[in-house]
2 protein chains.
Amino acid sequence: MHFEFNERDGCKACPIRHRAVCARCDEDELIILEGMKSYKTIEQGEPIIWRGDELQHISSVVSGIASLSRTLEDGRTQVVGLLLPSDFIGSPGRETVDFDVTAVTDVTLCRFERKSFEKLVQDVPHIAQRVMEMALDELNAAREWMVLLGRKTAREKIATFIEMVIRRDNVPVHADEPHILPLTREEIANFLGLTLETVSRQLSSMKKDGILTFADRRKFTVLDLAALQEETGDDADGGMIV
Amino acid sequence: MHFEFNERDGCKACPIRHRAVCARCDEDELIILEGMKSYKTIEQGEPIIWRGDELQHISSVVSGIASLSRTLEDGRTQVVGLLLPSDFIGSPGRETVDFDVTAVTDVTLCRFERKSFEKLVQDVPHIAQRVMEMALDELNAAREWMVLLGRKTAREKIATFIEMVIRRDNVPVHADEPHILPLTREEIANFLGLTLETVSRQLSSMKKDGILTFADRRKFTVLDLAALQEETGDDADGGMIV
DNA sequence: CAGAAACTTTGACCCAGATCAATATCGATG
DNA sequence: CATCGATATTGATCTGGGTCAAAGTTTCTG
């Protein structure tokens, strides 16, 4: 059984093609991948899997946004990450999830039976390498977020969050289309370690300061990107040495 | 050139043997590993590498403790992780580090020329798998820490930190030897997203409440483990479903 | 072993952001 | 299109932890 990796023309039907995690789509390979995958849709607001639940599948987000979060006994909730299309739910080698996973929007998942996925990781070297790279990227993002949670002010947190949102759906150049906040005020608060009132106040304040405008609760446009970036608390150049 | 993986008797001289990241120590393998590694010692308090610096080596901590941190322009610092023996500095596929790495104690590193290490990751499937597992573990730990930073009170943060320290050097059973705080008050503060005064006050308060005693600034004993764990804010059973 | 530098504790006060509360707006539903 | 529940805004007040300041320890150095 031979597997090879090919980034360029990964199999069209294979969801681990996202982020180019895919073995060469010759017949052998396709059979295995086809045999073990299944799709599932979860409605907005519904839980996908709870912390501690046994992982039957490793899934990849095909469309929509899911959140990873932890809630303390008294209800305090911290969102520790957002899962966007191509992100995985569950990791090879783990039998349970350590965080609650919830559909923030309607979410479509492509699921692999966990054992098969783990076998794939073992048999196809480039898949382990890809998962490794993805994990390292996310680790970096998580650490970056730790700086925000531990040291940034409410205003800096909001500015950083908005900047992240507009960076994410990076419209070509100078498309003035409004951006969409993917989260409610409360979800933003739980992501930033704030209360929803503080989130609301900071957004209002940025509106007053002419940095943003809102067409409605979710739809906004950045009027002054430079000012926004100034407020994030990060180095202007994203940390490169000049 | 064939490589195989053997957890049990990984090569004694190979530092990536830590955490069992090691190929079978036949001659081919040894030559490669021996040829590319070098040791280096960094004194307590000295920087190991700065954020943005080009990574010449991937290193593994052999002894001592290093911290990963980020400092904002105005001096606010957040420690995003501690590197203990067997942890890596630098990741295959990255040309720079994204955080400052500092020696918290005297640190000995085992360094690999980066290109060679990356080649090794590509050539020896089990090494990529091992790095993948390590990255996934650290990702989990980072997310756990995000909950602490975003939602826990000062007292809960301190309790969690102390619990982490005693869990780390998990003395057999009932050894009443004192534990050692590996960090100064200021370093603890930067790790927990607090000020050093708050750290000091909380430690005093726990002393007053009979949870801890201090033999000196660094040396402490836990008098009431149950109470300590009660204060961490986490579920009693570490999150397992009962 | 004196004197200094580094680290820690403790106190007094203050403020960013939490909490509590009232109102306003949106969007779904019959 | 009126009603209701969910979501958001805004105001008033409170407080945990930050800030500023002054001792008190420990450790290093000559």
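Note that the structure is a prediction, hence the values are computed from the model and not measured.

**Considerations on the overall build of chain A**
Working step 1: If you tally the helices and strands in chain A, you get 7 helices and 11 strands.
Working step 2: Counting across all 242 residues of chain A, residues that qualify as buried make up 50%.
Working step 3: Here the contacts in chain A between residues at least 6 apart in sequence split such that 70% fall between residues at least 24 apart.
Working step 4: Working note: accessible area of chain A is about 11600 Å², and carbon and sulfur atoms make up 49% of it.

**What to know about the interface of chain B and chain A**
Working step 1: Listed as interface residues are 51 residues of chain B and, on the opposing side, 51 residues of chain A.
Working step 2: Of the roughly 4700 Å² buried between chain B and chain A, counting both surfaces, carbon and sulfur atoms make up 56%.
Working step 3: Contact with chain A buries area across many residues of chain B, yet B:Arg143, B:Met146 and B:Arg151 alone supply 17% of it, more than any other trio.
Working step 4: Taken together, chain B and chain A are joined by 8 salt bridges.
Working step 5: Here A:Glu138 and B:Arg143 are joined by a salt bridge, their closest N and O atoms 2.8 Å apart.
Working step 6: If you look at where chain B meets chain A, you find 22 residue pairs in polar contact (both at pLDDT 80 or more).
Working step 7: Among the elements of the structure, strand E4 (66-71), strand E5 (77-83), helix H2 (114-123), helix H3 (125-151) and helix H5 (185-192) of chain B are those that each provide at least two residues to the side of chain B that touches chain A.
Working step 8: Counting residues per element, the side of chain B that touches chain A draws most heavily on H3(B), which supplies 20 residues.

**Points about the protein's contact with DNA strand D**
Working step 1: In the vicinity of DNA strand D lie 17 residues, with A:Arg185, A:Ser204, B:Ala154, B:Thr198 and B:Arg217 positioned nearest.
Working step 2: Backbone atoms, meaning sugar and phosphate, form 65% of the atoms of DNA strand D found within 4 Å of the protein.
Working step 3: Here a base nitrogen of DNA strand D sits 2.9 Å away from a polar atom, N or O, in the side chain of A:Arg201.
Working step 4: Here a phosphate oxygen of DNA strand D and a side-chain polar atom of B:Thr195 are 3.0 Å apart.
Working step 5: Elements with a contribution of two residues or more to the surface near DNA strand D: helix H6 (196-208) of chain A together with helix H6 (196-208) of chain B.

**A few points about the confidence of the model for chain A**
Residue and element names in this part refer to chain A.
Working step 1: Looking at chain A, pLDDT values average 85 and 81% of them are 70 or higher.
Working step 2: Throughout residues 1-15 the model reports pLDDT below 50, and contacts reaching past four residues in sequence, or to other chains, amount to 42 contacts.
Working step 3: Counted against residues more than four places away or in other chains, residues 17-31, with its pLDDT under 50, gives 44 contacts.

**What to know about the sheet that holds strand E3 (residues 57-63) of chain B**
Residue and element names in this part refer to chain B.
Working step 1: Ordered in space as E1-E8-E3-E6, the 4 strands form an open sheet in which the pairing is antiparallel. Of all strands in the sheet, those bounded by a partner on one side alone are strand E1 (37-42) and strand E6 (88-89).
Working step 2: Lying over the sheet, H2 contacts E3, E6 and strand E8 (107-113), oriented at roughly 70° with respect to E8.

**Details of the protein's contact with DNA strand C**
Working step 1: Looking at DNA strand C, there are 17 residues lining it, with A:Ala154, A:Thr198, A:Arg217, B:Arg185 and B:Ser204 nearest.
Working step 2: Backbone atoms, meaning sugar plus phosphate, form 65% of the atoms of DNA strand C positioned within 4 Å of the protein.
Working step 3: Contact between DNA strand C and A:Arg201: a base oxygen at 2.9 Å from a side-chain N or O atom of the residue.
Working step 4: Within the contact set of DNA strand C, a base oxygen lies 3.1 Å away from a side-chain nitrogen or oxygen of B:Arg217.
Working step 5: Of the residues assigned to the surface near DNA strand C, the class counts are 3 nonpolar, 7 polar and 7 charged.

**Structural notes on the pairing of strand E4 (residues 66-71) of chain A**
Looking along a regular strand, one sees the side chains alternate between the two faces of the sheet.
Residues and elements named next belong to chain A.
Working step 1: Burial runs high along E4: 5 of the 6 residues are buried.
Working step 2: Bridge analysis of E4 against strand E5 (residues 77-83) gives 6 bridges, and the strand direction is antiparallel. Each bridged residue has a counterpart across the sheet, and for Ser 67 the counterpart in E5 is Leu 82.
Working step 3: If you look at the hairpin formed by E4 and E5, you'll find 5 residues sitting between the two strands, and Gly 75 has a positive phi there, around 100°.

**Details of the packing of helix H4 (residues 154-168) of chain B against H6(B)**
Residues and elements named next belong to chain B.
Working step 1: Packing of H4 against H6 leaves a shortest axis separation of 10 Å and a crossing angle of 75°. Taken as axis vectors, H4 and H6 run roughly perpendicular relative to one another. On the side of H4, the interface is formed by Ala 154, Arg 155, Ile 158, Ala 159 and Ile 162, while H6 contributes Thr 198, Val 199, Gln 202, Leu 203, Ser 205 and Met 206.
Working step 2: Within the contact of H4 with H6, the residues separate by chemical class into 7 nonpolar, 3 polar and 1 charged.

**So, the pattern of salt bridges**
Working step 1: Under the counting rule described, the total for this entry stands at 30 salt bridges over all chains.
Working step 2: We note a salt bridge from B:Asp137 to A:Arg94, for which the minimum N-O separation is 2.6 Å. Taken as a pair, B:Asp137 in helix H3 and A:Arg94 in the loop between strand E6 (88-89) and strand E7 (100-103) lie in two separate chains rather than in one.
Working step 3: Its relative accessible area of 42% is what places B:Asp137 among the partly exposed residues.
Working step 4: A salt bridge links B:Asp74 to B:Arg76; the shortest N-O distance between them is 3.0 Å.

**With respect to the sheet that holds E5(B)**
All names here are of chain B.
Working step 1: Judged by pairing direction, the sheet is antiparallel, and its 4 strands sit side by side in the order E2-E7-E4-E5 without closing on themselves. Only two strands of the sheet have a single partner each, and these edge strands are strand E2 (47-49) and E5. Within the sheet, the average angular offset between the axes of one strand and its neighbour, ignoring direction, is 35°.
Working step 2: Pairing geometry for E2 and strand E7 (residues 100-103), over 2 bridges, is antiparallel.

**So, the relation of the copies chain B and chain A**
Working step 1: Expressed as a screw operation, the relation of chain B to chain A combines 0.0 Å of axial shift with a rotation of 180°, fitting to an RMSD of 0.0 Å. In the structure described here, the two chain copies are related by an operation that fits a two-fold rotation axis. Judged by C-alpha distance, B:Met132 is the residue of chain B that lies nearest the rotation axis, at 2.1 Å.
Working step 2: A share of 100% of interface residues in chain B that are also interface residues in chain A marks the association as one of identical surfaces.

What counts as what
- Residues numbered from 1 in each chain as written.
- Chains lettered and ligands numbered in written order.
- Predicted model: local features only at pLDDT ≥ 70, side-chain atom pairs only at ≥ 80, totals over all residues.
- Heavy atoms only, no water.
- Helix = DSSP H or I, 4+ residues; strand = E, 2+ residues; numbered from the N terminus.
- Buried < 20%, exposed > 50% of the residue type's maximum accessible area, 1.4 Å probe, protein only.
- Contact = heavy atoms within 4.5 Å.
- Areas by Shrake-Rupley, 256 points an atom, 1.4 Å probe, with all protein chains shown as cover.
- Buried area = accessible area lost by both parts, 1.4 Å probe.
- Salt bridge = Lys/Arg side-chain N within 4 Å of Asp/Glu carboxyl O.
- Polar contact = N/O pair within 3.5 Å; in protein donor to acceptor, adjacent residues only side chain to side chain.
- Near = heavy atom within 4 Å.
- pLDDT = per-residue confidence, 0-100.
- Pairing = 2+ DSSP bridges.
- Axes fitted to C-alpha atoms, helices over the stretch in contact; angles between N-to-C directions.
- Nonpolar A, V, L, I, M, F, W, Y, C, P; charged D, E, K, R; others polar.
- Parallel < 35°, antiparallel > 145°, perpendicular 65-115°, else oblique.
- Least-squares fit on C-alpha atoms with pLDDT ≥ 70 in both.

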